Amino acid sequence: MSSTLAKIAEIEAEMARLAKLRRELITPKGGGGGGPGEGFDVAKTGDARIGFVGFPSVGKSTLLSNLAGVYSEVAAYEFTTLTTVPGVIRYKGAKIQLLDLPGIIEGAKDGKGRGRQVIAVARTCNLILIVLDVLKPLGHKKIIENELEGFGIRLNSKPPNIGFKKKDKGGINLTATCPQSELDAETVKSILAEYKIHNADVTLRSDATADDLIDVVEGNRVYIPCIYVLNKIDQISIEELDIIYKVPHCVPISAHHRWNFDDLLEKIWDYLKLVRIYTKPKGQLPDYTSPVVLPYSRTTVEDFCMKIHKNLIKEFKYALVWGLSVKHNPQKVGKDHTLEDEDVIQIVKK
């Protein structure tokens with residue numbers, strides 16, 4: 001019996017070490033964190049950034065070049081696309097950057113390929129598209145998800161609802177506002193002890209797992225929405241296609257025949273949750289051709305001003321807004337007013 005327990009303890013220690021190594025991949029030790037990535041420091045342009053991940057030969061490059069008209073060398077062997085040529089598409093007035101994230105597959109996190117820089121870029125994406133071959137989707141899907149998880153990227157999930165605050169003294173203070181099926185005071189203490197934390201306030205506001213707590217303690221997780229793109233649907237039957245349509249977060253396409261791209265773009269738009277604001281110069285019609293695009297988490301009038309020019313807020317007196325966010329059209333609002341998609345705004349300066 002005891003030998004089994006010893007083995008379990010050994011494996012657990014090994015897993016903790018693995019987790020620590022993976023963390024070092026995300027946040028490199030030491031000063032400047034290594035030289036610049038060869039060909040993988042991509043300037044963030046446009047209003048949103050989408051990363052494409054997939055095994056070689058699933059049709060990722062075809063999809064990218066057909067979506068963006070970006071020409072990316074398509075070769076028939078592994079690890080070809082190592083430098084990133086971002087394409088930009090315009091959709092509903094927003095500029096969306098498309099990025100191929102090469103080599104996030106087995107071995108990328110062991111420093112094979114160009115792992116680390118790719119991971120750093122992946123973590124800045126607003127949306128990740130995992131491109132799968134419809135004939136062998138599940139195996140690939142699991143592998144890619146595991147890789148991304150290992151880099152601290154959480155797909156289609158929200159940050160755990162856990163309050164965590166380190167203190168200087170007073171031990172571990174645990175409050176749970178709802179019943180917990182996995183975590184109790186002992187477990188929480190032992191998890192925090194692993195991180196050499198002995199004084200902290202922890203508030204569990206939802207039924208949380210040990211992994212949730214670890215995510216919060218480490219604090220370097222990013223939460224990114226994800227769409228699974230099932231390619232090569234020209235090779236399957238209509239019945240199979242019907243089943244795929246029912247799978248959450250999935251869009252079936254054919255990159256080669258350019259089938260179902262409109263569905264894919266519509267879903268991309270849904271998942272990006274961008275907010276378009278049209279500007280209206282005084283005495284003129286609103287400019288509907290080039291909206292100012294804001295991420296849904298930052299849509300106040302102040303955010304809008306900052307996006308145009310950081311000095312604008314200094315001269316800001318009030319704004320007139322037409323659209324869904326106001327009761328009257330136009331309505332006079334201050335800088336804290338939250339805007340909605342397709343509002344029209346006119347800034348009045350001091």
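Attention here is on the structure that accompanies the text.

Reading the values: the criteria
- Residues numbered from 1 in each chain as written.
- Predicted model: local features only at pLDDT ≥ 70, side-chain atom pairs only at ≥ 80, totals over all residues.
- Heavy atoms only, no water.
- Phe/Tyr/Trp six-rings, centres within 6.5 Å; stacked < 30°, edge-to-face > 60°.
- Helix = DSSP H or I, 4+ residues; strand = E, 2+ residues; numbered from the N terminus.
- Lys NZ or Arg CZ within 6 Å of the ring centre and 35° of its normal.
- Pairing = 2+ DSSP bridges.
- Axes fitted to C-alpha atoms, helices over the stretch in contact; angles between N-to-C directions.
- Contact = heavy atoms within 4.5 Å.
- Buried < 20%, exposed > 50% of the residue type's maximum accessible area, 1.4 Å probe, protein only.
- Parallel < 35°, antiparallel > 145°, perpendicular 65-115°, else oblique.
- Nonpolar A, V, L, I, M, F, W, Y, C, P; charged D, E, K, R; others polar.
- Salt bridge = Lys/Arg side-chain N within 4 Å of Asp/Glu carboxyl O.

### Some details on the packing of aromatic side chains
Then comes step 1: Counted according to the given criterion, the structure contains two aromatic pairs.
Then comes step 2: Seen from their ring centres, Y91 and W269 are 6.0 Å apart, and the 70° between their planes marks the pair as edge-to-face. Taken as a pair, Y91 in strand β2 (residues 87-91) and W269 in helix α8 (residues 261-272) lie far apart in primary sequence, 178 residues in all.
Then comes step 3: Ring geometry for Y278 versus Y288: centroids 4.8 Å apart, planes at 75°, classification edge-to-face. In this pair, Y278 sits in strand β12 (residues 274-279) while Y288 sits in strand β13 (residues 287-295), placing the two residues 10 residues apart along the sequence.
Then comes step 4: Between the NZ or CZ atom of K273 and the centre of the ring of Y296, over which it lies, the distance is 5.2 Å.
Then comes step 5: One cation-aromatic arrangement involves K332 over Y318; the distance from NZ or CZ to the ring centre is 4.3 Å.

### Some points on the sheet that holds strand β8 (residues 200-204)
Then comes step 1: One open sheet holds the three strands; their spatial order is β6-β8-β7, and the pairing between them is mixed. Two strands close off the open sheet at either side, each with one partner strand: β6 (162-166) and β7 (172-176). Between one strand and the next, the sheet's axes are offset by a mean angle of 10°, whatever the strand orientation.
Then comes step 2: Note that β7 and β8 share five bridges and pair parallel. When the sheet's bridge partners are listed, A176 is paired in β8 with L204.
Then comes step 3: Relative to β7, helix α5 (residues 185-194) is tilted by about 135°, and along the sheet it contacts β6, β7 and β8.
Then comes step 4: Relative to β6, helix α6 (residues 210-218) is tilted by about 45°, and along the sheet it contacts β6 and β8.

### Topic: the pairing of β2
Then comes step 1: Where burial is concerned, the two faces of β2 differ: the one with G87, I89 and Y91 is buried and the one with V88 and R90 is not.
Then comes step 2: Between β2 and strand β3 (residues 94-100), which pair antiparallel and follow one another directly, the connecting turn spans two residues, one of which, K92, has a positive phi of 50°.

### Some remarks on the environment of Y245
Then comes step 1: Its location among the elements puts Y245 in helix α7 (residues 238-246).
Then comes step 2: With relative accessibility at 42%, the residue Y245 sits in the partly exposed group.

### A word on the packing of helix α2 (residues 60-68) against α8
Helices that pack against each other are described as a pair by the angle of their axes relative to one another and the distance between those axes.
Then comes step 1: Two numbers describe how α2 lies on α8: the axes approach to 12 Å, and their chain directions differ by 85°. Compared by their axis directions, α2 and α8 come out roughly perpendicular. Contact with α2, carried on its side by L63, N66 and L67, involves F261, L264 and L265 of α8 and no other residues of that element.
Then comes step 2: When the residues that make up the contact of α2 with α8 are grouped by side-chain class, the tally is five nonpolar, one polar and no charged.

### Quick look at the pattern of salt bridges
When their charged atoms lie close together, side chains carrying opposite charge are able to pair.
Then comes step 1: Applying the stated criterion across every chain, the model contains 14 salt bridges.
Then comes step 2: Put simply, D47 and K307 hold a salt bridge, and the shortest N to O gap is 3.2 Å. Pair noted here: D47 is in the loop between α1 (2-26) and β1 (48-54) and K307 is in helix α9 (residues 301-308), with a separation of 260 residues, a long-range link.
Then comes step 3: The closest approach of N and O atoms between R154 and E149, which form a salt bridge, is 3.6 Å.
Then comes step 4: Residue classification places R154 among the buried residues on the basis of a relative accessible area of 12%.
Then comes step 5: The class for E149 is partly exposed, based on a relative accessible area of 38%.
Then comes step 6: Among the charged side chains, a network of salt bridges with common partners joins E149, R154, D215, E218 and R221.

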